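What the coordinates show
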Amino acid sequence: MMETNTEPRFRIFDVLQSEDYEQIVFCQDQASGLKAIIAIHDTTLGPALGGLRMWNYESEQEALTDVLRLAKGMTYKNAAAGLNLGGGKAVIIGNAKTDKSEALFRAFGRYVQSLSGRYITAEDVNTTVADMDFIHMETDYVTGVSPAFGSSGNPSPVTAYGVYRGMKAAAKWKFGTDSLAGKTVAVQGVGNVAYNLCRHLHEEGAHLIVTDINEEALKRAEADFGATVVKPDEIYGVECDIFAPCALGAVINDKTIPQLKAQIVAGAANNQLAEDRHGDVLDENGILYAPDFVINAGGVINVADELEGYNRERAMKKVELIYDNMMRVFEIAERDGVPTHVAADKMAEERIHMMSRSRSQFLKVEKSILGRR
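Not measured: the values here are computed from a predicted model.

1. Looking at the overall build of the protein chain
Scanning the protein chain for helices and strands turns up 13 helices and 12 strands. Its C-alpha atoms give the protein chain a radius of gyration of 22 Å, near enough to 21 Å, the size a compact globule of 373 residues would have. Summarising its shape, the C-alpha atoms of the protein chain cover approximately 65 × 60 × 60 Å along the three principal directions. Per-residue burial for the protein chain yields a buried fraction of 51% across its 373 residues. For the protein chain, long-range pairs separated by at least 24 residues make up 64% of all intrachain contacts whose partners lie at least 6 apart in sequence. Charge separation in the protein chain, taken as the distance between the mean sites of 39 positive and 52 negative side-chain charges, equals 6 Å.

2. Side note on unusual backbone geometry
Within the chain, Asp20 stands out as a residue other than glycine whose phi angle is a positive 55°. With respect to the helices, strands and loops of the structure, Asp20 is situated in the loop between helix 1 (12-18) and strand 1 (23-29). Take Asp20: its relative accessible area is 56%, and that puts it in the exposed class. Positive phi, normally seen in glycine, also occurs at Ser116, with a value near 55°. Examined against the element boundaries, Ser116 turns out to sit in the loop between helix 3 (102-114) and strand 6 (119-120).

3. Considering the packing of aromatic side chains
Any two aromatic rings considered together are summarised by their centre-to-centre distance and by the angle between their planes. A full pass over the atoms with the stated rule returns 5 aromatic pairs. Arranged with centres 5.0 Å apart and planes meeting at 45°, the rings of Tyr195 and Phe225 form a pair that is tilted. Of this pair, Tyr195 sits in helix 6 (residues 192-204) while Phe225 sits in helix 7 (residues 215-225); the two residues are 30 residues apart in sequence, bridging distant segments of the chain. Judged by its relative accessible area of 13%, Tyr195 is buried. According to the relative accessible area criterion, Phe225 is buried, its value standing at 10%. Taking NZ or CZ as reference, Lys183 lies 4.1 Å from the ring centre of Phe175, over its face. The side chain of Arg220 reaches across the aromatic face of Tyr195, ending 3.6 Å from its centre.

4. Structural notes on the state of the cysteines
Two cysteines, two sulfur atoms, one covalent bond between them: this is a disulfide. Per the stated rule, a full pass over the model turns up 0 disulfides. Summary of cysteine pairing: Cys198 is not part of a disulfide, and the nearest cysteine sulfur, belonging to Cys246, is at 7.3 Å.

5. Re the nonpolar core
By size, the foremost hydrophobic cluster in this structure holds 68 residues, and its most contacted members are Met167, Val185, Val187, Leu201, Leu208 and Val210. Per-element accounting of this core gives the leading share, 9 residues, to helix 5 (residues 156-175). If we ignore the near neighbours within four places in the chain, the residues touching Met167 are Leu180, Val185, Leu197, Leu201, Ile242, Ala244, Ala266 and Ile295.

6. Focus on the sheet that holds strand 12 (residues 288-289)
Sheet architecture is open: 6 strands sit in the order 9-8-7-10-11-12, paired in parallel fashion. Strands with a single pairing partner mark the edges of an open sheet, and in this sheet they are strand 9 (228-229) and strand 12. Relative to strand 9, strand 8 (residues 207-211) runs parallel, the two sharing 2 bridges. Note that in strand 9 the partner of Ile209 across the bridge is Thr228. Packing against the sheet, helix 6 makes contact with strand 7 (184-188) and strand 8, and its axis sits at approximately 160° to strand 8.

7. Some remarks on helix 3
With 13 residues, helix 3 should reach 18 Å at 1.5 Å per residue; the first-to-last C-alpha distance of 18 Å fits that figure. By the burial criterion, the buried members of helix 3 are Leu104, Phe105, Ala107, Phe108, Gly109 and Val112. Buried residues belonging to helix 3 abut strand 1, strand 2 (34-42), strand 4 (52-55), strand 5 (86-93), strand 6 and helix 4 (129-136). Looking at the residues trailing helix 3, positive phi occurs at Ser116, about 55°.

So, how was this worked out
Residues numbered from 1 in each chain as written. Predicted model: local features only at pLDDT ≥ 70, side-chain atom pairs only at ≥ 80, totals over all residues. Heavy atoms only, no water. Helix = DSSP H or I, 4+ residues; strand = E, 2+ residues; numbered from the N terminus. Rg over C-alpha atoms; globule rule 2.2 N^0.38 Å. Buried < 20%, exposed > 50% of the residue type's maximum accessible area, 1.4 Å probe, protein only. Contact = heavy atoms within 4.5 Å. Lys, Arg positive; Asp, Glu negative; His and termini not counted. Charge placed at Lys NZ, Arg CZ, Asp CG, Glu CD. Phe/Tyr/Trp six-rings, centres within 6.5 Å; stacked < 30°, edge-to-face > 60°. Lys NZ or Arg CZ within 6 Å of the ring centre and 35° of its normal. Disulfide = S-S within 2.5 Å. Core = buried A, V, L, I, M, F, W, Y, C linked by side-chain atoms within 4.5 Å. Pairing = 2+ DSSP bridges. Axes fitted to C-alpha atoms, helices over the stretch in contact; angles between N-to-C directions. Expected span 1.5 Å × (residues − 1).

In structure tokens:
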């Protein structure tokens, strides 16, 4: 008698249809050990751009779930940033410390090339410029390569500048002025992006309170910017005007929100809200939240400029517009009576819907003209 499998089945097309994903590509190369997944969520605005991360997932389903979530996030990030790009992402299943090789990344590059530009890859967690250079040997549909190949170089300063511009917009909305002089900003994490953010804030005359698990990073911030150093678990409750999460995600949660004394949450970290409902709680508490995928879009705006032949001045001008994008989020939130994290989604969705409708109308006209011939 055959055994009955009682475990729920993972219905992949049900998953795709639930969030209207366009395509999934499973990539395998036995010689190099490549096991990768490319997910393309939406290309209404243009080809899908999103990074490649390498992670030792516990299961293939976990990898698939992660890449789908990340791909959708890139659709919203690129749309909100005003880029003519859709959303996609890729993951390689493996140990970044032991499984990397030229052959592996070149094999992945061939899969990217086979998509003929529908997906453009980039650096992400556990992948580097050197890895992108290997991919570039097989395809031009890659950004973040070495400057010798026309790359924009280290994106951290550009990402930081975008966060700084978004923070000024939040200050304008909350305080009536975008000047940060005299404001106290509590910065959680002082890595590459956050250090450059601190530099902008210090130059404008803001007071800095910082924390990090890296003692050297703290000493540097203290020496260079006169920052006050606190322990990691103390940063949430310090007296400040702005709390800037610039390290881990999910730091805005049931435990931390009651501790916050800031009037604004605006930082560089991804996925700052542990759950969407925490954005609701911030709103109810009168704390203005600058949605992370809008304020930290400087990096993707910067690498997207590489697709036109990188021009630093042009890229920085685009990054400056994060200020305007953030103000638009706040306006939508006020218009519709919704929290800002909902307004940010609406802003992205409105742009995608508008372009989708415009394309549909164009195709109808084109079909009508061809029908008369």
